[in-house]
Amino acid sequence: MIIGIIPARYGSTRFPGKPLADIAGKSMIQRVLEQASRATSLAKVVVATDDDRIAEAVRRIGADVVMTRTDHPSGTDRCWEAYHRLVTDGLISGDSSDYILNIQGDEPFLDPEQIDELAAILDGTVELATQMATVDSAQMLHDPKEAKIVINEQNEALYFSRSAIPYLWGVEPDQWHKHHAYHRHVGLYAYRADILEKITQLPPSPLEQVESLEQLRWLEAGYRIKLVTTSYQTPSVDSPADIEKIVRSLQ
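Just so it is clear, the model here is predicted, and its values are computed rather than measured. (Residues numbered from 1 in each chain as written. Predicted model: local features only at pLDDT ≥ 70, side-chain atom pairs only at ≥ 80, totals over all residues. Heavy atoms only, no water.)

A short note on helix α2 (residues 52–60)
Structural remark: α-helix, 3.6 residues per turn; residues separated by three or four positions point the same way.
In step 1: Of the positions making up α2, those classed as buried are Ile54, Ala55, Ala57 and Val58. Considered in projection along α2, the buried side chains sweep an arc of 165 degrees and stay on one side of the axis. For α2, exposure combined with an orientation more than 90 degrees from the buried face picks out Asp52 and Arg60.
In step 2: Against β1 (2–8), α1 (28–37), β4 (44–49) and β5 (64–67) lie the buried residues of α2.
In step 3: A positive backbone phi angle near 80 degrees is found at Gly62, which sits one or two residues after α2. (Buried < 20%, exposed > 50% of the residue type's maximum accessible area, 1.4 Å probe, protein only. Helix = DSSP H or I, 4+ residues; strand = E, 2+ residues; numbered from the N terminus. Arc of directions from axis to C-beta. Contact = heavy atoms within 4.5 Å.)

Listed below in structure tokens is the structure:
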């Protein structure tokens, strides 16, 4: 069974109330729900939130919501509590081989096929999985907001970094992407249920803290992260200005 969980919190430093922001007549969380619900691979889609306003908006459109604690440091932790509550409340049967997909709540135009292409590799042996896309410009390659990935021959992550890796000796940095196949992280996560329980009990790791990348904690602890290439490049919303751009594109 594959469960889609959309973590959503009201409090955001840069954009408070972001899940309820209006995008051409629909809230952002409604648009994410509608897109995720079109994925054929998901047995269930729920919103995990700690805010009554978000919960009420989700219930009003007839979708499922799970109330979670307010002190979660990440969406991964909120996903685990939500999944555990679904099992405890008898809403799903629950099995260690279940998979939980962490669906970003700030991508209102996420393509359902992007979810399905990640779900396609979840065969029971995969511990953790996420997606990557080709880096096609020097600006993207050297942007610290974009996490770059080095992978092995099995398409498993060796390392994630905000720096451009690997370093290309003897080549000007603005030409690196023309001489090597670089990949950037696309933040849709899949966790096997038993692994999700374990990684949420791990303390922050040194590499995670210096890079500010949660997935490095899992790699340092010895877990394997499978990578799936995606061609989908859906816009995320980090500020009200991003919504204005999206609305203009819709018009």
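Notes on the side chain of His183
In step 1: Note on placement: His183 falls in strand β10 (residues 183–192).
In step 2: Residues within four places of His183 in sequence aside, it is in contact with Met132, Ala133, Thr134, Val135, Ala147, Lys148 and Ile149.

A closer look at the packing of aromatic side chains
In step 1: This structure, assessed with the given rule, holds six aromatic pairs.
In step 2: Centroid distance Tyr167 to Trp176: 4.9 Å. Interplanar angle 70 degrees. Geometry classified as edge-to-face.
In step 3: Among the residues examined, Tyr167 registers a relative accessible area of 58% and is labelled exposed.
In step 4: The exposure class assigned to Trp176 is buried, which follows from its relative accessible area of 4%.
In step 5: Here the aromatic rings of Tyr191 and Trp218 are separated by 6.0 Å at their centres, their planes lie at 75 degrees, and the arrangement is edge-to-face. Linking Tyr191 in strand β10 with Trp218 in helix α8 (residues 215–220), this pair joins segments that are 27 residues apart in sequence. For the pair Tyr191 and Trp218, one class covers both residues: buried.
In step 6: Taken together through their ring pairs, the aromatic side chains of Tyr167, Trp169 and Trp176 make up a single cluster. (Phe/Tyr/Trp six-rings, centres within 6.5 Å; stacked < 30°, edge-to-face > 60°.)

A look at the pairing of β1
In step 1: Among the seven residues of β1, seven are classified as buried, and the element is accordingly described as predominantly covered.
In step 2: Burial along β1 is two-sided: Ile2, Gly4, Ile6 and Ala8 and Ile3, Ile5 and Pro7, pointing in opposite directions, are all buried.
In step 3: When β1 meets strand β6 (residues 99–102), the two strands line up parallel, connected through four bridges. When the sheet's bridge partners are listed, Ile3 is paired in β6 with Ile100.
In step 4: Bridge analysis of β1 against β4 gives six bridges, and the strand direction is parallel. Among the inter-strand pairings, Ile5 is bridged to a residue of β4, identified as Val46. (Pairing = 2+ DSSP bridges.)

Fair warning: the whole summary comes from geometry, so function is off the table for now.
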